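Now for the letters of each chain:
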Amino acid sequence: MNSEIAKIMTEDDVEYEVFQILEVYRIEFLKTTVKIRSKNPAHHRTGQSKGIPDILARRASWPNGVWIGLELKRPVGWRWTDPEQKRVHELGGSFIVHSAEDAMAAVKATDEALKQRKEAA
């Protein structure tokens, strides 16, 4: 990714890019965040439980119940803003995703982990 583009990308830009690549590769996904807006910007909020990744994704070929969490972050200048979100991530509950390439790397890492688990059984 071009470093100048990365500097100006927002989390919404990353989300759009990730949705596009997941659709191209026919990976099922659920957006877990709902932005709630009001007439007063001070009352804007996000409707989700703290710590839940932004996207849950899965391949149809994965065993039932296997989903991965994709935590979207700007490519440059992000930091954890919620301790619960960081805690869930550190427990193995999500992949940090800055781009479509990161999202696909998370899917491929899960493919490999499931393959190894199957071979070990």
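Scroll up for the structure.
These remarks concern the structure in this document.

The rules behind each value
- Residues numbered from 1 in each chain as written.
- Predicted model: local features only at pLDDT ≥ 70, side-chain atom pairs only at ≥ 80, totals over all residues.
- Heavy atoms only, no water.
- Helix = DSSP H or I, 4+ residues; strand = E, 2+ residues; numbered from the N terminus.
- Buried < 20%, exposed > 50% of the residue type's maximum accessible area, 1.4 Å probe, protein only.
- Contact = heavy atoms within 4.5 Å.
- Areas by Shrake-Rupley, 256 points an atom, 1.4 Å probe, with all protein chains shown as cover.
- Lys, Arg positive; Asp, Glu negative; His and termini not counted.
- Charge placed at Lys NZ, Arg CZ, Asp CG, Glu CD.
- Pairing = 2+ DSSP bridges.
- Axes fitted to C-alpha atoms, helices over the stretch in contact; angles between N-to-C directions.
- Parallel < 35°, antiparallel > 145°, perpendicular 65-115°, else oblique.
- Left-handed = near helix turned anticlockwise from the far one by under 90°.
- Salt bridge = Lys/Arg side-chain N within 4 Å of Asp/Glu carboxyl O.
- Phe/Tyr/Trp six-rings, centres within 6.5 Å; stacked < 30°, edge-to-face > 60°.
- Lys NZ or Arg CZ within 6 Å of the ring centre and 35° of its normal.

1. Focus on the overall build of the chain
In step 1: Assigned secondary structure in the chain consists of 4 helices and 6 strands.
In step 2: Along the chain direction, N to C, the helices and strands of the chain fall in the order α-α-β-β-β-β-β-α-β-α.
In step 3: Taking the principal axes of its C-alpha atoms as reference, the chain extends roughly 55 × 35 × 25 Å.
In step 4: Here the chain holds 121 residues, and 33% of them are scored as buried.
In step 5: Intrachain contacts of the chain at a sequence separation of at least 6 include 57% that bridge at least 24 residues.
In step 6: Total accessible area computed for the chain in this model is approximately 8,100 Å², and 53% of it derives from carbon and sulfur atoms.
In step 7: Across the chain, the mean location of the 19 positive side-chain charges is 4 Å away from that of the 18 negative side-chain charges.

2. Here we look at the environment of G65
In step 1: Relative to the helices and strands, G65 is located in the loop between strand 4 (55-58) and strand 5 (68-72).
In step 2: Exposure remark for G65: the relative accessible area of 65% places this residue in the exposed category.
In step 3: Spatially, the C-alpha atoms of G65 and V24 are 22 Å apart, while their sequence positions differ by 41 residues.

3. With respect to the sheet that holds strand 6 (residues 95-97)
In step 1: Pairing in this open sheet of 4 strands is mixed, and the strands run 1-4-5-6 from one edge to the other. The open sheet has two edge strands, strand 1 (28-31) and strand 6, and neither has a second partner. Direction aside, the axes of adjacent strands within the sheet are offset by 30° on average.
In step 2: In this structure, strand 4 lies alongside strand 5, joined through 3 bridges in antiparallel fashion. Counted as the bridge partner of L56 is G69 from strand 5.

4. A closer look at the packing of helix 2 (residues 11-24) against helix 4 (residues 100-120)
In step 1: In the contact formed by helix 2 and helix 4, the axes pass within 8 Å of each other and the chain directions differ by 45°. Between helix 2 and helix 4, the angle falls in the class oblique. Considering how the two elements wind past one another, helix 2 and helix 4 form a crossing that is right-handed. Contacts between helix 2 and helix 4 involve E17, V18 and I21 on the former and, on the latter, A100, E101, A103 and M104.

5. A closer look at the pattern of salt bridges
In step 1: Scanning the model with the defined rule gives 7 salt bridges in all.
In step 2: As a salt-bridge pair, E15 and K31 come within 3.4 Å of each other at their nearest N and O atoms. Of this pair, E15 sits in helix 2 while K31 sits in strand 1, placing them 16 residues apart in sequence.
In step 3: The class for E15 is buried, based on a relative accessible area of 14%.

6. Some remarks on the side chain of T110
In step 1: Tracing the sequence through the fold places T110 in helix 4.
In step 2: In this structure T110 comes out as buried when scored by relative accessible area, which is 9%.

7. Here's the deal with the packing of aromatic side chains
In step 1: Here the structure, examined in full by the defined rule, presents 2 aromatic pairs.
In step 2: Between W78 and W80 the ring centres are 5.4 Å apart and the planes differ by 85°, which places this aromatic pair in the edge-to-face class.
In step 3: Seen from the ring of W67, R58 lies directly overhead, with NZ or CZ sitting 5.8 Å from the centre.

8. Quick notes on the side chain of S94
In step 1: Here S94 shows up in the loop between helix 3 (83-93) and strand 6.
In step 2: Classification of S94 as buried rests on a relative accessible area of 10%.

Treat this as a map of the structure, not an account of what it does.
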